[in-house]
Each structure stands twice: as C-alpha cells, then as structure tokens.
Amino acid sequence: MERGILVHVQSQNRLLLGPGPSSVHPEVLKAMATPLVGHLDPYFLEVMADTQSMLRQVFQTENELTLAMSGTGSAGMETVFVNLLEPGDKVLICICGVFGERMKDIAVRSGANVLTVEAAWGQPIEPEDVQAALKSSSGVKAVAIVHAETSTGVWQPLEEISRIVHDYGALFIVDAVTSLGGIPVEVDRLGIDACYSGTQKCLGAPPGLAPVTLSPRALDVVRNRKTKVQSWYLDLNMIANYWGEDRFYHHTAPISMLFSLHEALRLLLEEGLHQAFKRHAQNGDYLQRELQAMGLQLFAAEGFRLPQLTSVIFPDKYDEGKLRKQLLEDYGIEVGGGLGALKGKAWRVGLLGHSSQHRNVTLLIQAMKQMMG
Ligand code: PLP
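The structure displayed is predicted, hence computed values, not measured ones.

## A closer look at the environment of aspartate 285
Here comes step 1: Inspection of the secondary structure puts aspartate 285 in helix α10 (residues 273–293).
Here comes step 2: A residue is classified by how many C-beta atoms lie within 10 Å of it, and aspartate 285, with 13 of them, is partly exposed.
Here comes step 3: Sequence separation of aspartate 285 and proline 307 is 22 residues, and the distance between their C-alpha atoms is 6.4 Å.

Quick look at the structure:
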C-alpha cells in the first residue's frame, strides 16, 4: 500500500501491558460508539451528573467540585497548578521520577516560586524531607506529590506527608494518574486538597479525559484569586459553571469520551472498588514473583512496589529494545521501555484496569520465557 492512500484504521489486536493506555473493556468501546447527542442535551447532562457522582465514589470524596477535564492526565496536572497557583506563590514539588519533574515544569511555567524535595529513582519521598523543607521556608502555599510514579513503579505513601503538609497550612496536591482505580485514593480521609487522574490507566477507558477533584478549601483559593487563571481553557471558575447547575457553555464537551468514561466507571463500581484493588494486588504480586523467579530484578524499592506498574531491569546480556519489539511483533503484547535513567535497561509492565488479569500475566511470562530461552 502506497503512503498517502487512505484506508480504514484496522484493529491490531494488541494486548496492552505497558504504562498506559491499557486494554479497554469491549463495553467501554461500545459506549464510545453511542450515537451523539448535543453537549447541552438533557440526556447528556444526566450522563455528566452520573459521571460526577461515580467519580466522587472512586476518588472517595464528597467534594462538590469533581469533574472530568477535556484532555489527558497532563491536562489534569496543568489544571490543578494553573488554578491554584498565582505568580510568585511558593510551591514545594516532590520529585523521584519523570512525573514529579513534569509537575515542576508546569509549576515554573505558572510563574510560581518552586522549591523541590527529591529522592533517588526507585525510592519514595521521605516525610522527614518534606518536613525539613517546609520548616526552612515559610509561606509555602501547596505541596505536590505523585502517588504512583509510573516511571519507576514506586507506590508513594501519603498519610504522614499529608499530616505534615496540613500542619504547615499548605494545600496538598496529589497526582493519581496511575493510581486511581488500581489502589485506594482516599481523597477525603487523607485530606487531599487537589487530585487529578487520567482515564487510560486503571480506570480502563481510552485516553482523553482527566478526572479532577478539589476540596472546598482549594476551591476557595481558586474562587478568590487576585489574578485571572492564565489558561482560558483550563479555568475551573468557568468550567465549574458548565458542570454545575448553570450549565453555561464553555467548550464543546467530548461527548463520546464522556460516554466511555461513564461506562468504565460503571463497570469499576459494579466490580466494587475493594475487589478491583484486590485484583490489581493479586495480579501484580503474581507478575513480580514470576519475574523474580526468572532471575530478574525489580527496580522499585521493596515495600513500595505498585501492583499495577512494575519496573524490571534486564541484565546487560539482553537487548531490552529488541525483546520488546519481538514481544509486540510475535506475540501482540505491548510493554513499555524504561524512561530517563532506565532507558535501554528496563521494561515497565502495566497491569492497569481491564489489562490486570491473571491470564495476561501468564501469557507475558510464557512469552518472555520463550524469547529469553
Ligand atoms: N502523571 C503520571 C503519574 C503519569 O503516569 C502520566 C502518564 O503516564 C501523566 C501524569 C500524564 O498523563 P498523560 O500522558 O495522560 O497526559
């Protein structure tokens, strides 16, 4: 086929075991193909209200401001930073991987005065380091941290850090892009003030929406800004009027994406959050035991390993890139390569959402054994 000739897109029948997107349940794809209604159609407004209510359950929050931003997880990240921060505000960013770095980049672009706390890749952020940073610099408005660092596979404990952040009167921002739906994200119990996610990981929908929730305290900060939010598209003051009672037009909602998220959330809640966490835990444990039994080393520190995202190191005798290519071409299985310091050395295997199934682990392990001899 010559380049430039239009053909239908074709299903490649892939099993997605990378860091996202994950494989999507057929019912979610079916929901996406539902004929369109208008974005102010009464039926669509009901779908939006249901979606908000299901998102509150999944975020484990009562927060009124809970909605899905148009855009991927990074749009959720940017929404939280541009709405909460004004030029000159002090923000403390915790960095132990690529996504902490991205938060810093966005905070700098927001004109904030950015301080950082760092940990080595593969390790979580230590609460004492957050405490020391807050003690040595007064007036920090917000502290931001990644719950599930997708570049390393580290599960960041939040409880103690949240307590410290609130002791210093700061807002607590949590990136739950890879955690929401896979491990508990207890927004209210942990006093998280702003939390965002993405649809293509453990929520099991295609990429394209970013669930966001803000505590009443964080919403107050947004409502009482001295300056306008620098992004028109991501301004929650306006978007809340579309998702709220008034239903003011802001931008045309991505209708089909919202249909897909509605179905993905419905399936998740039908399974039950507790059961979904258990499934992710069991399959992650199965994968990590099998990889270690093959003599491979896991990158994330023991005791802090995410069940839904595993970084595994390959000894020098293997060409991880070649193996990954072979896995895709011969077995139809996608896994991710290492990022940053792990580039060319590791795989990132995701068991996210609908991809987290026992038989998927068995398939992957058998394929690896065949390829690696
Ligand atoms: N934060 C984390 C922890 C992520 O894993 C990702 C994506 O992998 C993002 C943010 C950005 O999300 P997206 O790629 O959907 O924009």
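## Some thoughts on the sheet that holds strand β9 (residues 194–196)
Here comes step 1: Spatially, β2-β10-β9-β8-β5-β3-β4 is the arrangement adopted by the seven strands of the open sheet, whose pairing is mixed. Lying at the two open borders of the sheet, with one neighbouring strand each, are β2 (65–70) and β4 (113–118). Taken over all neighbouring pairs, the strand axes of this sheet differ in orientation by 20° on average, direction set aside.
Here comes step 2: Strand direction decides the pairing type here: strand β3 (residues 90–95) and β4, joined by six bridges, are parallel. Across the sheet, residue isoleucine 95 finds its bridge partner in β4, namely glutamate 118.
Here comes step 3: Where helix α4 (residues 98–109) meets the sheet, it contacts β3, β4, β5 (140–146) and β8 (171–175), and its direction lies at approximately 160° from that of β3.

## Here we look at the site of the ligand
Here comes step 1: Not every one of the 14 residues close to the ligand is listed here, only the nearest: Thr72, Gly73, Ser74, Thr150 and Val177.
Here comes step 2: Considering each element in turn, the shell around the ligand owes the most residues, three residues, to helix α3 (residues 73–84).
Here comes step 3: A breakdown of the residues in the shell around the ligand according to their chemical character gives six nonpolar, seven polar and one charged.

## Brief notes about the packing of helix α5 (residues 127–136) against helix α6 (residues 159–167)
Pairs of packed helices are described in terms of their axes, by the angle between the two and the distance that separates them.
Here comes step 1: For the pair α5 and α6, the least separation of the axes is 9 Å and the interaxial angle reads 10°. Taken together, the axis directions place α5 and α6 in an arrangement best described as roughly parallel. Along its contact with α5, which presents Pro127, Val130, Gln131 and Leu134, the element α6 presents Glu160, Ile161 and Ile164.
Here comes step 2: Of the residues assigned to the contact of α5 with α6, the class counts are five nonpolar, one polar and one charged.

## Focus on the confidence of the model for the protein
Here comes step 1: Looking at the protein, the pLDDT average stands at 97 and 99% of residues meet or exceed 70.
Here comes step 2: Looking across the protein, the model is least confident in helix α8 (residues 236–243), with a mean pLDDT of 94, and most confident in β9, with 99.
Here comes step 3: Our summary of model confidence lists the complex with pTM equal to 0.97 and ipTM equal to 0.99.

## What to know about the sheet that holds strand β12 (residues 309–313)
Here comes step 1: Pairing is antiparallel across the open sheet formed by four strands, whose spatial order is β11-β12-β15-β14. Taken across any chain shown, the strands that pair with only one partner, and hence form the sheet edges, are β11 (297–298) and β14 (336–337).
Here comes step 2: Relative to β12, β11 runs antiparallel, the two being bridged by two bridges. Bridging across to β12, leucine 298 finds its partner in valine 312.
Here comes step 3: Running at roughly 5° to β12, α10 makes contact with β11, β12 and β15 (346–350) of the sheet.

## Some thoughts on the environment of lysine 90
Here comes step 1: With respect to the helices and strands, lysine 90 occurs in strand β3.
Here comes step 2: Since 16 C-beta atoms lie within 10 Å of it, lysine 90 is described here as partly exposed.
Here comes step 3: Between the C-alpha atom of lysine 90 and that of leucine 115, which follows or precedes it by 25 residues, the distance is 7.3 Å.
Here comes step 4: Apart from residues no more than four positions distant in its own chain, lysine 90 is found in contact with Asn113, Leu115, Ser137, Gly139, Val140 and Lys141.

## Section: α6
Here comes step 1: Listed in full, the buried residues belonging to α6 are Ile161, Ser162, Ile164 and Val165. Down the axis of α6, the buried side of the element spans an arc of 165°, and every buried residue falls inside it. For α6, the exposed residues lying more than 90 degrees away from the buried face are Glu159 and Asp167.
Here comes step 2: Buried positions along α6 lie against α5, β5 and β8.

Calculation rules
Residues numbered from 1 in each chain as written. Predicted model: local features only at pLDDT ≥ 70, side-chain atom pairs only at ≥ 80, totals over all residues. Helix = DSSP H or I, 4+ residues; strand = E, 2+ residues; numbered from the N terminus. Buried ≥ 20, exposed ≤ 12 C-beta atoms within 10 Å, placed from the backbone. Pairing = 2+ DSSP bridges. Axes fitted to C-alpha atoms, helices over the stretch in contact; angles between N-to-C directions. Contact = placed C-beta atoms within 7 Å. Near = placed C-beta within 6 Å. Nonpolar A, V, L, I, M, F, W, Y, C, P; charged D, E, K, R; others polar. Parallel < 35°, antiparallel > 145°, perpendicular 65-115°, else oblique. pLDDT = per-residue confidence, 0-100. Arc of directions from axis to C-beta.

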